[in-house]
Amino acid sequence: LSTSVQAEGKLRLGTEGAYPPFNTIDKDGKVTGFDIDIGNALCKAMGTECEWVTSDWDGLIPALDAKKFDAIVASMSITKERKEKIDFTSKYYTTPIKCIREVGKDIDPTDTAKLKGKMVGVQSGVVADNFVRNKFKDIVEVTAYKTQDEANLDLLSGRVDLVCADSVVLAPFVK
């Protein structure tokens, strides 16, 4: 444990709080989810208290740099760009990126001809954002949203044709 964690008796962990089922804020204003369970188990194993701090996704790494918390637990994928700024533990799970569309729409993410000119929604700064921009850079128009919920709502309203994200994050929305 760092000296500051030992002195305070708590570990401040940063998370987004808007990426269910990994991290979300419940009706009582409490942060919950898989990431929170992981962080709480780590704190218990270290014999320290967890203090959860939420931040916008794009602000997590800058907030860590500014020492607003001691570590990030937010289902952050390990990328080359992120590794240049922060250290990571070993990866502890993997989930694929999936794309969803409105039922009945003739859009196939594996058929680039059917993707030409389509609008694709993603959460800004997540791996799905990078994936879509790299794989379909000259084919689709990407709209990046602050949260995954905003992208999902625009799919429902017809403002985007597809939404791409972590498959586990999309599952409750699809259901």
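Residues numbered from 1 in each chain as written. Predicted model: local features only at pLDDT ≥ 70, side-chain atom pairs only at ≥ 80, totals over all residues. Heavy atoms only, no water.

**Notes on the sheet that holds strand β1 (residues 10-15)**
The strand order across the open sheet built from three strands is β5-β1-β6, with neighbouring strands paired in parallel fashion. Edge positions in the sheet fall to β5 (49-54) and β6 (71-72), since each has one partner strand and no second. The sheet contact formed by β1 and β5 spans six bridges and is parallel. Pairing of L13 across the sheet is with W52, part of β5. Strands β1 and β5 of the sheet are contacted by helix α2 (residues 34-46), whose axis makes an angle of about 150° with β5. (Pairing = 2+ DSSP bridges. Helix = DSSP H or I, 4+ residues; strand = E, 2+ residues; numbered from the N terminus. Contact = heavy atoms within 4.5 Å. Axes fitted to C-alpha atoms, helices over the stretch in contact; angles between N-to-C directions.)

**So, the sheet that holds strand β10 (residues 162-166)**
Pairing is mixed across the open sheet formed by four strands, whose spatial order is β7-β10-β8-β9. Both edges of this open sheet fall to β7 (97-101) and β9 (141-145), since each of them pairs with a single strand only. Recorded for the sheet is a direction-independent mean angle of 30° between the axes of neighbouring strands. Two strands pair when backbone bridges link them, and strand β8 (residues 119-123) and β10 are joined in this way by two bridges, in the parallel orientation.

**Here we look at the packing of aromatic side chains**
Aromatic rings in a pair are described by how distant their centres are and how their planes are angled relative to each other. Scanning the entire structure with this criterion turns up seven aromatic pairs. Ring plane angle 25° and centroid distance 5.9 Å describe the contact between Y19 and F22, whose orientation is recorded as stacked. Residue Y19 shares its accessibility class with F22, and that shared class is buried. Between F22 and F34, the aromatic rings sit 6.1 Å apart at their centres with planes inclined by 75°, giving edge-to-face as the arrangement. In this pair, F22 is assigned in the loop between β2 (18-19) and β3 (23-25) and F34 in helix α2, connecting sequence segments 12 residues apart. A residue is classified by how much of its surface remains accessible, and F34, at 34% relative accessible area, is partly exposed. Following the ring pairs from residue to residue traces out a cluster consisting of Y19, F22, F34, Y92 and Y93. (Phe/Tyr/Trp six-rings, centres within 6.5 Å; stacked < 30°, edge-to-face > 60°. Buried < 20%, exposed > 50% of the residue type's maximum accessible area, 1.4 Å probe, protein only.)

**Some details on unusual backbone geometry**
The peptide bond linking P20 to P21 adopts the cis configuration, its omega dihedral lying at 10°. Topologically, P21 is positioned in the loop between β2 and β3. Even without glycine at this site, K67 takes up a positive phi of about 65°. Tracing the backbone through its elements, the reader meets K67 in the loop between α3 (60-65) and β6. Overall, K67 belongs to the exposed group, its relative accessible area being 62%. Phi angles above zero are rare outside glycine, and S75 is one such case at about 50°. Looking at the element boundaries, S75 is found in the loop between β6 and α4 (80-83). On the basis of relative accessibility, which here comes to 13%, the residue S75 falls in the buried class.

Everything listed is a geometric property; what it means functionally is a separate question.
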